[in-house]
Amino acid sequence: MNMIRNYYQDLTQTVSKSWEAFWFVRVETKTVSLLRLLVGSIALIYALLFTIQLTDWYAADGILSSSFTISMLSTEDNNYAYYWSLLYYVNTPVELWILHSIGLLVIGAFAVGFQTRYTSIAAFIFVASYAQRAPMLAGLIEPLLCPMVLYLCFAPCGNYFSVDAWLRAKKQKLADRKVEDSLGANITLRLIQVHLCMFYAMMALTKLGGYTWWGGESMWWLIAQNHSPLVDLRFLRDAPLFVFSWTHLVVLFELCFPLLIWVKVFRPLLIVLSILHWISLSLVTGNWEFGLLILALNVAFFSPEFVQSFLAKPEKSETIKGKDATQAA
Amino acid sequence: MNQQPTDSENIAGIGSTARSIISLLLAIHLIILSVLLSGSLVGVDGEYRSEIQARLFGLFNVYGQPLQMDVTAKPYYLYQGNPLDDDLILAVDLLDEDGEVSETVLLGSAEDNLSGDRRKMRLIARVIASAIRNPDYEAMAPLYAKNVGGFVLKKKGVKRGVIRCLTHDPLRINFVSSDGTTEEDPYADVYFTTHYEADVWISENGKVEILKRASQSQVAPTDEGS
């Protein structure tokens, strides 16, 4: 009996300590700031794509007017009853263009890190509004982009690589420019990491539900589509073994990523492989925005030091601590 | 590239009550996320979802859908051999006053310069083709087709046309024809499957009207004896 009680105590203590070490740690905000820059830029591209024939699609007499969209959603089952969008309330071309312009400005401000605390929340509202304006047209990117922008609302992601940081640097003296580590940044990074891994697992498992992925032909069927690929790779018909291998490697990579990305030694390898994986899949499927986003999210696994080594000059480091701060003062 | 704490003493940065509340919220969020993602897995014969998963899925969508976390019906499998996995396009035959086809516009195709965003048109075509295959949603197909058909007629300044929803089947990797050669023309008629076909026109009061053309199975047999 004692053995069981000891095991239970040991189990709960270990889980509790691991949970706290995973979630409740303060980290530097460089990584999350870089993520804001990348995710914000992709959100801006996503919103800009709505500019193409905006009124032909979404005005009152457009292909998918608000009233038509809402009536279509209400005829589907009850699972589809929770959509919302600011764009449901604008119908004339002028109103549409005004709201769309505000949306672009807000998302752009978030991407460059201007008033980030406020624009991050506003950017999420606009990105979700675009995504839910016509849910029947939503593709692969929306279910990943919206949560990522939402997670970034919880972190001080405007501390670096931002207009906010530049303005702050102009106002303050060098010695005062200490940027504190943040618990919100850690929670945001962990949420993005876990969400990304769950997404990879879902993508791999759903592929295994189809015989074409087991049979090795899926990549050929994607390559051979007549309208969606960005490049014509149909010459690979003469190399079927290569196509079959590619198919199996796609599934293998997506199965391995959510497990091995947590192992430090495999991380650089997986990130390099993910670049090859998503560039090739984007070219074949035409889903380039989704490929771009999922590649950008790899940054969530970068340490602040790694980000710093790439993006900042060491002698102009903004976080000045201890002796260096005294000397600078 | 390891995500390490910058200072291990920072673990105790907030009180235990706040940590407990945040932990609870995180746990709820992750449980909902895992149900929403695992409940959306699909195979060639439909969704793989148990009864309990389906019930939880419906409940958790109250949280997941407004935040756009729901991945239902999104083809993350990319290709599974389903009839609608291939590229779908919308063809609109523009008719002149004699009822002859003057031009055919292929919306969503690689040559489409009218709709702006070709992928949106392919998604609309997928919605129409999906609706046609499901008796519960079949009535939605002409509503989408009417809007798209009206858009093309107005853009082209034409009064009458025929809209068709087509699958453009890709070439098989190992296809060999009966004469031993491989079929190389992906635009041959044999590679197009029609899911839906309807006449569309602009009436005298300026409204767009649509009338579905009967499929082969719906045409009454002719009386050959008369």
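Draft legend 1. Main features of the overall build of chain B. Assigned secondary structure in chain B consists of four helices and seven strands. Every one of the 226 residues in chain B was classed for burial, and the buried ones make up 46%. Taking the contacts inside chain B whose residues are at least 6 apart along the sequence as the reference set, 56% of them involve residues at least 24 apart. When the accessible surface of chain B is summed, it comes to about 11700 Å², and 52% of that surface belongs to carbon and sulfur atoms.

Draft legend 2. Highlighting the overall build of chain A. Counting secondary structure elements, chain A contains 16 helices and zero strands. Residue pairs at least 24 apart in sequence account for 78% of intrachain contacts in chain A once pairs closer than 6 positions are excluded. For chain A, the exposed area adds up to about 14700 Å²; of that, 67% sits on carbon and sulfur atoms.

Draft legend 3. Geometry of the side chain of glutamate 142 of chain A. Counting through the fold element by element, glutamate 142 of chain A comes out in helix α7 (residues 142–152). For the buried glutamate 142 of chain A, no salt bridge exists, and the shortest N-O distance to an oppositely charged side chain is 6.4 Å, to lysine 74 of chain B. Discounting residues that sit within four places of it in the chain, glutamate 142 of chain A has contacts with Tyr46, Ala131 and Pro147 of chain A together with Gln68 of chain B.

Draft legend 4. Main features of the pattern of salt bridges. Going through the model one piece at a time under the given rule, you end up with 12 salt bridges over all chains. Glutamate 28 of chain A serves as the salt-bridge partner of lysine 30 of chain A, at 2.7 Å between the closest nitrogen and oxygen. As far as the burial class goes, lysine 30 of chain A and glutamate 28 of chain A line up, both buried. Aspartate 93 of chain B is the salt-bridge partner of arginine 164 of chain B, the closest N and O atoms lying 3.0 Å from each other. Taken together, the positions of arginine 164 of chain B in strand β5 (residues 160–168) and aspartate 93 of chain B in strand β3 (residues 88–95) put the pair 71 residues apart, joining distant regions of the chain. By relative accessible area, which is 19% here, arginine 164 of chain B ends up buried.

Draft legend 5. Main features of a negative patch on the surface. Taken together, Asp96, Glu97, Asp98 and Glu100 of chain B make up a surface patch of like negative charges. Its location among the elements puts aspartate 96 of chain B in the loop between β3 and β4 (101–107).

Draft legend 6. Structural detail: the pairing of β4 of chain B. Residues and elements named next belong to chain B. As paired strands, β3 and β4 are joined by six bridges and run antiparallel to one another. Residue pairing across strands places alanine 91 opposite leucine 106, the latter belonging to β4. Here β3 folds back onto β4 in antiparallel fashion, the turn holding five residues, of which glycine 99 has a positive phi close to 80 degrees.

Draft legend 7. Region of interest: the confidence of the model for chain B. Summarising the model, chain B shows a mean pLDDT of 82, and 82% of its residues fall at 70 or more. Here residues 4–10 of chain B is a poorly scored stretch, pLDDT under 50, and it has 10 contacts once near neighbours within four places are set aside; other chains count.

Draft legend 8. Focus on the packing of helix α9 (residues 183–207) of chain A against helix α1 (residues 16–38) of chain B. Relative to each other, α9 of chain A and α1 of chain B sit at 20 degrees, their axes nearing to 10 Å. By the angle class used here, α9 of chain A and α1 of chain B are roughly parallel. Here the hand of the crossing between α9 of chain A and α1 of chain B comes out right-handed. On the side of α9 of chain A, the interface is formed by Ile187, Leu191, Val194, His195, Met198, Phe199 and Met202 of chain A, while α1 of chain B contributes Ile22, Leu26, His29, Leu30, Leu33, Ser34 and Leu37 of chain B. Considering only residue class, the contact of α9 of chain A with α1 of chain B consists of 11 nonpolar, three polar and no charged.

What counts, and where the lines are drawn
Residues numbered from 1 in each chain as written. Chains lettered and ligands numbered in written order. Predicted model: local features only at pLDDT ≥ 70, side-chain atom pairs only at ≥ 80, totals over all residues. Heavy atoms only, no water. Helix = DSSP H or I, 4+ residues; strand = E, 2+ residues; numbered from the N terminus. Buried < 20%, exposed > 50% of the residue type's maximum accessible area, 1.4 Å probe, protein only. Contact = heavy atoms within 4.5 Å. Areas by Shrake-Rupley, 256 points an atom, 1.4 Å probe, with all protein chains shown as cover. Lys, Arg positive; Asp, Glu negative; His and termini not counted. Salt bridge = Lys/Arg side-chain N within 4 Å of Asp/Glu carboxyl O. Patch = residues over 30% accessible without salt bridge, like charges linked within 9 Å, V, L, I, M, F, W, Y side chains within 5 Å. Charge placed at Lys NZ, Arg CZ, Asp CG, Glu CD. Pairing = 2+ DSSP bridges. pLDDT = per-residue confidence, 0-100. Axes fitted to C-alpha atoms, helices over the stretch in contact; angles between N-to-C directions. Parallel < 35°, antiparallel > 145°, perpendicular 65-115°, else oblique. Left-handed = near helix turned anticlockwise from the far one by under 90°. Nonpolar A, V, L, I, M, F, W, Y, C, P; charged D, E, K, R; others polar.

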